[in-house]
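The primary structure of each chain is shown beneath.
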Amino acid sequence: MSCHATGAGAGATIMAERRTGLPFVALVGNPNVGKSTLFNALTGAHQRVGNWPGKTVSVAQGDWRTAGGRPLRVADLPGSYSLLPDSPDEALVRDVLTAPAGERPDAVVFALDAANPARNLYLLSQILDTDIPVVVALTMTDVAARRGAPPGPEALARELALPVVRVEGRSGTGLDLLADAVCEALDAEAPRRARTSAWAAGSPVAAELAELAAAASGLTPHPARWLAVSLLCGEEPPEVPAELTRRAGAAADRLAATEAGADADVDVDAGEGDTDAELLVAEARYAWAHAVIERAAPRPAGARPTLTDRVDRLLLSRGFGIPFFLAVMWGVFEATTVLAKPLQDGLGDFVSGPVSGGADRLLEALHAPGWLTGLLVDGLINGVGQLLTFVPLMIIMFLLLALLEDSGYFARAAFVADRLMRTLRLPGRAFLPLVVGFGCNVPALAGTRILNRRSHRLLVGLLIPYMSCTARLAVYVMIAGVFFGSNSGTVVFFLYVASVLLVVGMGLILRPLLFRGMKEEPLVLELPPYRLPTLRVTGAQVWQKLAAFLRTAGGIIVATAAAVWLLMAIPAAAGHGGFGKVDVEQSVFGTVTRATAPLVAPAGFGDWHATAALGTGLIAKEGVISTLAQTYSAEEDGDPQLTASLHATFEESSGGHQRAAALAFLVFILAYTPCFATLAAQRAEIGTRLTVIGFGIQLAAAWLLAVGVFQIARLVW
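Caption draft 1: Structural context of the overall build of the protein chain. The secondary structure content of the protein chain amounts to 30 helices and seven strands. A buried classification covers 54% of the 717 residues belonging to the protein chain. Contacts spanning at least 24 positions in sequence make up 73% of the contacts within the protein chain whose residues lie at least 6 apart. Carbon and sulfur atoms make up 61% of the accessible area of the protein chain, which amounts to about 29,500 Å² in all.

Caption draft 2: Quick peek at the nonpolar core. Grouped together as the largest cluster of nonpolar side chains are 97 residues, with contacts concentrated most on Ile479, Phe605, Leu628 and Leu646. Among the elements that line this core, the one with the most residues is helix α28 (residues 658–671), at 12 residues. Those residues in contact with Leu646, other than ones at most four positions away along the chain, are Met478, Ile479, Val482, Phe483, Leu628 and Tyr632.

Caption draft 3: Inspection of the packing of aromatic side chains at higher detail. With the rule as written, the count across this model stands at nine aromatic pairs. Each ring, one from Phe605 and one from Phe665, has its centre 5.3 Å from the other, and the planes form 85°; the classification is edge-to-face. On the criterion of sequence distance, the pair formed by Phe605 in the loop between α24 (588–596) and α25 (608–619) and Phe665 in helix α28 is long-range, its members being 60 residues apart. Aromatic side chains Phe605 and Phe668 sit 6.1 Å apart centroid to centroid with 75° between the ring planes, which places their arrangement in the edge-to-face category. Remark: Phe668 occurs in helix α28 and Phe605 occurs in the loop between α24 and α25; sequence separation between them is 63 residues. Of the aromatic side chains, those joined through ring pairs into one cluster are Phe483, Phe605, Phe650, Phe665, Phe668 and Tyr672. Positioned above the aromatic ring of Tyr672, the side-chain terminus of Lys621 is 3.8 Å from the ring centre.

Caption draft 4: Quick look at the pattern of salt bridges. Per the counting criterion, the structure on display carries 11 salt bridges. In this structure, the salt-bridge partner of Arg295 is Glu159, at a minimum N-O distance of 2.6 Å. One end of the pair, Arg295, is in helix α11 (residues 270–296); the other, Glu159, is in helix α6 (residues 153–160), with 136 residues separating them in the sequence. With a closest N to O distance of 3.4 Å, Arg247 and Glu211 form a salt bridge. Placement of the pair is Arg247 in helix α10 (residues 242–259) and Glu211 in helix α8 (residues 205–216), with a sequence separation of 36 residues.

Caption draft 5: Quick peek at the pairing of strand β5 (residues 107–113). With seven of seven residues buried, β5 is to be regarded as a mostly interior element. Residues Ala107, Val109, Ala111 and Asp113 line one face of β5 and the alternating positions Val108, Phe110 and Leu112 line the opposite face, and both faces are buried. Sheet topology places strand β1 (residues 24–29) next to β5; five bridges connect them, and they run parallel. Of the residues in β5, the one forming a bridge with Leu27 is Val109. Taken together, the six bridges between β5 and strand β6 (residues 134–139) define a ladder with parallel strand orientation. Paired with Val109 across the bridge in β6 is Val135.

Caption draft 6: Just the confidence of the model for the protein chain, in detail. For the protein chain, the mean per-residue pLDDT works out to 77, and 79% of the residues sit at or above 70. Across the protein chain, α28 holds the top mean pLDDT of 94, while helix α1 (residues 8–19) sits lowest at 48. pLDDT under 50 marks residues 262–275. Its contacts with residues more than four places away, or in other chains, come to 16 contacts.

Caption draft 7: Summary view of helix α9 (residues 224–232). Burial runs high along α9: eight of the nine residues are buried. Within α9, burial applies to Arg225, Trp226, Leu227, Ala228, Val229, Ser230, Leu231 and Leu232. Positive phi appears at Gly234, one or two residues downstream of α9, with a value of about 90°.

Caption draft 8: Spotlight on the environment of Phe493. For Phe493, the position within the fold is in helix α22 (residues 488–514). Relative accessible area serves as the criterion here: at 16%, Phe493 is assigned to the buried category. On a C-alpha basis, the gap between Phe493 and Tyr476 in space is 9.8 Å, while along the polypeptide they are 17 residues apart.

Caption draft 9: Looking closely at the packing of helix α20 (residues 454–463) against α22. Orientation of α20 relative to α22, taken along the N-to-C sense of each, is 135°, at an axis distance of 10 Å. Taken together, the axis directions place α20 and α22 in an arrangement best described as oblique. Here the hand of the crossing between α20 and α22 comes out right-handed. Within the contact between the two elements, α20 uses Leu459, Leu462 and Leu463 and α22 uses Val503, Met506, Gly507, Leu510, Arg511 and Leu514. Here the contact of α20 with α22 is built from residues that sort into seven nonpolar, one polar and one charged.

Caption draft 10: The arrangement of the packing of α22 against α28 in detail. Two elements in contact, α22 and α28, have axes separated by 11 Å at closest approach and are oriented at 45°. Compared by their axis directions, α22 and α28 come out oblique. When the axes of α22 and α28 are compared, the crossing they make is right-handed. The residues of α28 that touch α22, namely those facing Val491, Phe494, Leu495, Ala498, Ser499 and Leu502, are Leu663, Leu666, Val667, Leu670 and Ala671. Among the residues forming the contact of α22 with α28, the class breakdown is 10 nonpolar, one polar and no charged.

Conventions used here
- Residues numbered from 1 in each chain as written.
- Predicted model: local features only at pLDDT ≥ 70, side-chain atom pairs only at ≥ 80, totals over all residues.
- Heavy atoms only, no water.
- Helix = DSSP H or I, 4+ residues; strand = E, 2+ residues; numbered from the N terminus.
- Buried < 20%, exposed > 50% of the residue type's maximum accessible area, 1.4 Å probe, protein only.
- Contact = heavy atoms within 4.5 Å.
- Areas by Shrake-Rupley, 256 points an atom, 1.4 Å probe, with all protein chains shown as cover.
- Core = buried A, V, L, I, M, F, W, Y, C linked by side-chain atoms within 4.5 Å.
- Phe/Tyr/Trp six-rings, centres within 6.5 Å; stacked < 30°, edge-to-face > 60°.
- Lys NZ or Arg CZ within 6 Å of the ring centre and 35° of its normal.
- Salt bridge = Lys/Arg side-chain N within 4 Å of Asp/Glu carboxyl O.
- Pairing = 2+ DSSP bridges.
- pLDDT = per-residue confidence, 0-100.
- Axes fitted to C-alpha atoms, helices over the stretch in contact; angles between N-to-C directions.
- Parallel < 35°, antiparallel > 145°, perpendicular 65-115°, else oblique.
- Left-handed = near helix turned anticlockwise from the far one by under 90°.
- Nonpolar A, V, L, I, M, F, W, Y, C, P; charged D, E, K, R; others polar.

Rendered as structure tokens:
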């Protein structure tokens, strides 16, 4: 990978921030070190998430209003292990921190996990090479204390020659001190920096690095020391003079020869020299990190395993890990459907009764035309109202998932799934974007950027649409509640298990067809400690996810409901009534959906109501519910009686096997294209060709699976 793509993207954003007069601070650290929790504590509600300009990587940015009243602009850069990137996320971090002078952040807040300091200090040693003022935020100190003697901020500050502040993002402890340290670093005429050569001191690379950095100074706008290290490690930054590249190659050759115990004049293959130099640099960084920790916090002899260690021995074991994960997810879906049902019924009665009736009477009193009453009552109120009845379900679901995530358990899913992923020759971390797909497929597709190999990203990008998102969940719960009653939670759980099995099955089919020779890679992942979830963090997560769902679904449903009503109001042919007065089956909407119904007749739901819902579901799965509500409402003069109508429809279309047909319908919803937004995200991540191939496979798989499920299930139901 090219060492520097910096561009205008990273630098232009920071320059834009500086034009606002606000200092720009980058929050940097390894994954799962409490960085994002700290960011949320610093910025509160004053934050936004979007793609970094010129990049496809999402970055959260926000305003940090310090206790002293000084506003700062903060960016929560993606978690990274190194500035020698292996993924698009790490490349963005590298580009931001090594942009030309004047376009880099004014300061870096480095989140250092006190429980795993050596691994974190490796990245810190690279950041120090960029010559940006650094303030260290020491996180996870409670976990480190349970494991033994944690490194104290005073001792670390002495060893690093940097300001170090102990912080706790959940409780807000230390945030004022952190703000003071950052403001002091920003205001100092000669900002306090670590001795950037400290990590190389005493190693074979020290002299070569110092000479190369001196030669690089002033030749390019990028940090001289970082540029020297990158060239020594075999990277190829743009706009580097050929003479400097030649000198770096010669230095790498000399280091390789020295390491081999040969004379410095021995001719060594340049490729081997690059590799040996990179290893020597890495060894020097880790040696420095371990030396710092040894002096700052000597580990006591006979340290006992922590509670997290003991729990992980059980929950990550081969025999217990997967059954426990499945049991947890079954409990989540069962609790969601049971707890939400009374609230859903109450909201449904409220929407179909007082709201619809009140709107009808108001429009009648205003002498509104019939078409307007139909649009507002049968279209918008009925369609949007049916979706809003699922708000309690979403709140409970998001709450339970947030508790699992905040407790630290969800991160273990990648390790539990590692063996499963390896059947597809994917690393265990590929399970992380797939798990995100349970929430929404669009950010899950963006999450494939954490995978190092392009072939891994492409394959996971094709598989993510088979993960059941929250929009599908609303459909699952409604249909399962209608046809399976008290067993609806188990049916929903079955669909989620089927979703995972479908991902594995499709992966086994697609890998040899499209990605032959795909190599495996070992799983490297940080596991956060187990914690008691906090009300503030959990509540914020639930609100953000619910607001995003309603914001997205609300606009889609209003547009879909209006479009469906309009098509139902237009007669397909003359002689079937005027605009707004046509029988639904004789409308344009009814005619088109009736024509497509025979295509799914072998699956047991060959009725125009079902095909109408599947059609709008292609735009967004939220449209399935509103379309069913609209079509039955229009037929029955404003009184949907949705449950009875669905029973009658599926009973007739399935030839008396309505449960089998309902299950086949749910499987079709699971397997076919989630929404147009997912297709757009797929095109951005994996390209047009693979997106079109994936779209065709999704439709074919949905039809085949639905037909197979119905034909087998009809033998039982």
